[in-house]
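Chain residues, written in single-letter form:
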Amino acid sequence: MFKYSLIGTFYSLISPLIFIILSNYISRINSLIILYSLGYSLKYYLYKNWVFKNGKVNLKRFLIHLVPVFMISLIFTHYTSSINKVEYVAIALVFLSGLSGYVWGKIVYKEF
């Protein structure tokens, strides 16, 4: 539980900064796609090899965890394109994807 929370907290602190930086050069949607592709690849590796060494994490289960959170974040980013301050969108994304990802992850990775 500690390692899971540690990775989630670290990602929640770093991802908005990366999102803001990328959004200065490319669209917010493309920034989010790049951020999720790289960030969640790293999270998968860490979950599989450090957090859940008991085999709970496999690619199928990880994608079941990731895809809904990613889709919610994409839709939210699209509908907030009229907000001029990318910082506001980044902070809202932290809460939205962080909360939904945490709750959904607890459901996906629980014992069956």
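Everything that follows concerns the structure shown earlier in this document.
These lines cover the structure that appears in this document, whether it is placed above or below.

Cut-offs applied
Residues numbered from 1 in each chain as written. Predicted model: local features only at pLDDT ≥ 70, side-chain atom pairs only at ≥ 80, totals over all residues. Heavy atoms only, no water. Helix = DSSP H or I, 4+ residues; strand = E, 2+ residues; numbered from the N terminus. Rg over C-alpha atoms; globule rule 2.2 N^0.38 Å. Core = buried A, V, L, I, M, F, W, Y, C linked by side-chain atoms within 4.5 Å. Buried < 20%, exposed > 50% of the residue type's maximum accessible area, 1.4 Å probe, protein only. Expected span 1.5 Å × (residues − 1). Contact = heavy atoms within 4.5 Å. Polar contact = N/O pair within 3.5 Å; in protein donor to acceptor, adjacent residues only side chain to side chain. Axes fitted to C-alpha atoms, helices over the stretch in contact; angles between N-to-C directions. Parallel < 35°, antiparallel > 145°, perpendicular 65-115°, else oblique. Left-handed = near helix turned anticlockwise from the far one by under 90°. Nonpolar A, V, L, I, M, F, W, Y, C, P; charged D, E, K, R; others polar. Phe/Tyr/Trp six-rings, centres within 6.5 Å; stacked < 30°, edge-to-face > 60°.

1. What to know about the overall build of the protein chain
Move 1: Counting its regular elements, the protein chain contains 4 helices and 0 strands.
Move 2: Reading the helices (α) and strands (β) of the protein chain from amino to carboxyl end gives α-α-α-α.
Move 3: A compact globule built from 112 residues should have a C-alpha radius of gyration of about 13 Å, and the protein chain, at 14 Å, falls within 12% of that.
Move 4: In terms of principal-axis extent, the alpha carbons of the protein chain reach across some 45 × 20 × 20 Å.

2. Section: the nonpolar core
Move 1: Counting residues in each nonpolar core, the largest one holds 25 residues, and the members touching the most others are Phe19, Tyr36, Tyr40, Tyr47, Phe52, Phe62 and Tyr109.
Move 2: Per-element tally for this core: the top contributor is helix α2 (residues 28–51), with 7 residues.

3. Comments concerning α2
Move 1: Taking 1.5 Å per residue as the helical rise, α2 with its 24 residues ought to reach 34 Å, whereas the 30 Å between its terminal C-alpha atoms falls clearly short.
Move 2: Taken together, the buried positions of α2 are Arg28, Ser31, Leu32, Leu35, Tyr36, Gly39, Tyr40, Lys43, Tyr44, Tyr47 and Val51.
Move 3: Taken together, the buried residues of α2 touch α1 (2–23), α3 (59–79) and α4 (86–108).

4. What to know about the side chain of Thr77
Move 1: As for its position among the elements, Thr77 is in helix α3.
Move 2: Within the local environment of Thr77, its side chain forms a polar contact with the backbone oxygen of Ser73, the two atoms lying 2.7 Å apart.
Move 3: Discounting residues that sit within four places of it in the chain, Thr77 has contacts with Phe19, Arg28, Ile29, Leu32 and Leu93.

5. Side note on the packing of α1 against α2
When two helices pack together, their arrangement is given by the angle between the helix axes and by the axis-to-axis distance.
Move 1: With their axes 10 Å apart at the nearest point, α1 and α2 run at an angle of 160° to one another. Relative to α2, the element α1 is oriented roughly antiparallel. Regarding α1 and α2, the two cross each other, and that crossing is right-handed.
Move 2: Residues of the contact of α1 with α2, tallied by class, amount to 16 nonpolar, 4 polar and 3 charged.

6. Points about the packing of aromatic side chains
Move 1: Scanning all chains against the criterion turns up 5 aromatic pairs.
Move 2: Here the aromatic rings of Tyr36 and Tyr40 are separated by 4.8 Å at their centres, their planes lie at 35°, and the arrangement is tilted. Of the two residues, Tyr36 and Tyr40 both sit in helix α2, 4 residues apart, roughly one turn of that helix.
Move 3: By relative accessible area, Tyr36 is classed as buried at 6%.

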